[in-house]
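Structural features, examined
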Amino acid sequence: MKSVAIVFRHAPFGATSGREGLDLAMLSASFEQQVSLIFTDEAVLHLLGGQTPEQAGAKDYLSALKALPLYDIDTVLVCSDSMQQLGLKASELNIEAEVVSADVITKTLQAVDEVLVF
């Protein structure tokens, strides 16, 4: 089984990269690839609850994050440094995710077959 890590680095609105990365993650998982999601930098904002993308003129793809377990996407990592820089706490995350250090993220990236950055 091929393993893929999808790294999200950009804020949820203003570009389509977040939606495209999530679509790719679900598609890859449906073809029985082992998918890990990693949220760093401003991308940790994807995981906050109470967002209304429609007000920003975007479609709501963030609600699809709650479907990750249905696709057997169990590894969702969030960079602790990014959380700290943005003043966020793990309790504010809208989905089940593990807040980890940059070292853990590096080891995860080294362990997979392919890394894609959005």
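This section reports on the structure supplied with the text. These numbers come from a predicted model, not from an experiment. (Residues numbered from 1 in each chain as written. Predicted model: local features only at pLDDT ≥ 70, side-chain atom pairs only at ≥ 80, totals over all residues. Heavy atoms only, no water.)

Moving on, we get to the layout of surface pockets. Within this model, the largest pocket holds a volume of roughly 160 Å³. Around the largest pocket, the lining is made up of 13 residues, and of these Ile73, Asp74, Val76, Glu96 and Ala97 lie nearest the centre. Of the residues forming the lining of the largest pocket, the biggest block, three residues, is contributed by strand β3 (residues 75-79). For the lining of the largest pocket, the class distribution of residues is eight nonpolar, one polar and four charged. (1 Å grid on protein atoms, 1.4 Å probe; cavity = no way out; pocket = protein on both sides within 12 Å on 5 of 7 lines; lining within 4 Å. Points joined across faces, edges and corners; volume = space filled by probe spheres on them. Helix = DSSP H or I, 4+ residues; strand = E, 2+ residues; numbered from the N terminus. Nonpolar A, V, L, I, M, F, W, Y, C, P; charged D, E, K, R; others polar.)

This brings us to the side chain of Thr108. Position of Thr108 among the secondary structure elements: in helix α3 (residues 102-111). Here the side chain of Thr108 touches Val104 through a polar contact of 2.9 Å, landing on its backbone oxygen. Discounting residues that sit within four places of it in the chain, Thr108 has contacts with Ile38 and Leu77. (Polar contact = N/O pair within 3.5 Å; in protein donor to acceptor, adjacent residues only side chain to side chain. Contact = heavy atoms within 4.5 Å.)

Within this structure, the stated rule accounts for two aromatic pairs. Grouped by ring-pair contacts, the aromatic residues Phe8, Phe39 and Phe118 constitute a single cluster. (Phe/Tyr/Trp six-rings, centres within 6.5 Å; stacked < 30°, edge-to-face > 60°.)

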